[in-house]
Amino acid sequence: MMKGIVNRLRGQVRIRAECAFPERVLNLCGAQDLAFWDLQWESPTAFTCRLSRRDWKALQEAGKHLECRFELVGLEGAPYFLLRLRHRQALAAGLVGCALALFLGSFFIWDFQVEGNETVPTERILRALEKNGVGLGTFGMSLNGEDIRNRVLLDVPELSWIAVNVSGCRASVQVRERTPPPEMIDRRQPANLVARRAGLVLKVQTIGGVACVVPGSAVTEGQILISGVEDTDTVGARVLAGMGKVTARTWYHLTASMPLTAAEKRYTGREKTGISLVFGTRRIKFFSNSSIEGAEYDKITNRYPWSLLGVPLPVTLVTETWRFYDPVPAPRTAAQAEKTAEAILTDQLQKMVEPYGEVKSTLCSSRQKGDALLVTLSAECLEEIGESAPIYTEEETGG
């Protein structure tokens, strides 16, 4: 493949040779050290092949004493292509300008690829890079990796490491997020561990203080689980930080009212499409007005980045389509309303329980009340229910 590219860059010709003894032509090429390739026989006395420009001229001179007829079939390669443009100066200048622009543009950054971030949004990382001089159109060879890393880490403290590697016109941004340190427990602050919510205690782990409940006991919200006041036989009561973990079985009952009539979209068939081009950070619209008032519609946006020979260009074609609809009331069955409400209540339950434990089982029930369906989600969970409540002494209260 590489040899074929080199031959086309140097220029090659395709010829047809017809002779009563064609093997003489081949022997002549071997004797004169003339390279040929893509040999194809058309008949016992004729064949076609390809040669370089220099070898073609040498074959014409050496084959004059042979009773052979040579015919030039085609001219191929860059020299002949450029020769055809000698009377089209504007086209030739445009091609040279495009090639030069593509070559020079490869030294600038036109595309970003961010990897390694899970909680920090990609947009925030790109904004921090742009603030510190790394954006679309930045000269890639002028970047100072250490300086960029130090300044971006100050703007995004959630990151512990960042590296920008430039390959052609694409910048690969690799980040590593910082692991938050565990919350420090102040063992000097007197406190009780109280129940965050009611439940049935399953396990008690005491780190400091005196346990006030045992596994199998039921507790109410606000009840002391681990006391920070400890009675001693020598110095009396001692106030310290009551700490530990209390795991309990808890129950939740969440209720939602879902109407049995919902608004649905009925598309009118009317659509509006707008096309725009984004050059770097500048946008050129090819439509007059994108503001639509007093109408219900869905907006669909598609982006098509441009590239040339696999090299991304700083140009993106953006199409925006507005599909108009009319909201119309539509009845829904009790099963549909119950399923929708159950999904909403389950999501709400997960947000309430996830920081402390897990949901073990759920049960959904419903009953119709007027034009709405009253849906109740009952759940049994296993979670940690203890939370710290400070103990205020007389000195702290000013008594």
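That block above? That's the structure.
The structure contained in this document is the topic of the report that follows. The structure presented is a predicted model; accordingly, all values stated were derived computationally and were not measured.

Things to note about the sheet that holds strand β21 (residues 372–384)
Within the open sheet, the five strands sit side by side as β11-β9-β15-β21-β20. Their pairing is antiparallel. The open sheet has two edge strands, β11 (218–219) and β20 (357–369), and neither has a second partner. Sheet analysis places strand β9 (residues 199–208) next to β11, joined by two bridges and oriented antiparallel. Bridge pairing links Gly199 to Val219 in β11.

Details of unusual backbone geometry
Unusually for a residue other than glycine, Asp33 sits at a positive phi of about 55°. As for its position among the elements, Asp33 is in the loop between α2 (23–31) and β2 (36–43). Owing to a relative accessible area of 67%, Asp33 belongs among the exposed residues under this scheme. Even without being glycine, Asp38 reaches a positive phi, approximately 55°. One can find Asp38 in strand β2. On the accessibility criterion, Asp38 (42% relative accessible area) is partly exposed.

A short note on the sheet that holds strand β6 (residues 159–167)
If you trace the three strands from one edge of the open sheet to the other, you get β5-β7-β6, paired in mixed fashion. Each edge of the open sheet is held by one strand with a lone partner, namely β5 (111–115) and β6. Across this sheet, the average inter-strand angle for adjacent strands is 20°, counted without regard to direction. Sheet analysis places β5 next to strand β7 (residues 170–177), joined by five bridges and oriented parallel. By the bridge assignment, Gln113 is partnered in β7 with Ser172. Across the sheet, helix α6 (residues 122–131) touches β5, β6 and β7, and the angle it forms with β5 is around 125°.

Examining the side chain of Thr319
Residue placement: Thr319 occurs in strand β19 (residues 311–331). Other than its neighbours up to four places away in sequence, Thr319 contacts Gly274, Ile275, Ile300, Thr301, Asn302 and Tyr304.

Some remarks on the packing of aromatic side chains
Tallying each qualifying case throughout the model produces four aromatic pairs. Centre to centre, the rings of Tyr267 and Tyr325 are 5.9 Å apart; their planes meet at 70°, and the pair counts as edge-to-face. A residue pair is termed long-range when its members are at least 10 positions apart, and Tyr267 in strand β16 (residues 261–279) and Tyr325 in strand β19 qualify at 58 residues. Over the ring of Trp161 we find Arg176, and its NZ or CZ is 5.0 Å from the ring centre.

The rules behind these values
Residues numbered from 1 in each chain as written. Predicted model: local features only at pLDDT ≥ 70, side-chain atom pairs only at ≥ 80, totals over all residues. Heavy atoms only, no water. Pairing = 2+ DSSP bridges. Helix = DSSP H or I, 4+ residues; strand = E, 2+ residues; numbered from the N terminus. Buried < 20%, exposed > 50% of the residue type's maximum accessible area, 1.4 Å probe, protein only. Axes fitted to C-alpha atoms, helices over the stretch in contact; angles between N-to-C directions. Contact = heavy atoms within 4.5 Å. Phe/Tyr/Trp six-rings, centres within 6.5 Å; stacked < 30°, edge-to-face > 60°. Lys NZ or Arg CZ within 6 Å of the ring centre and 35° of its normal.

These results come straight from atomic positions and should not be treated as a statement about function.
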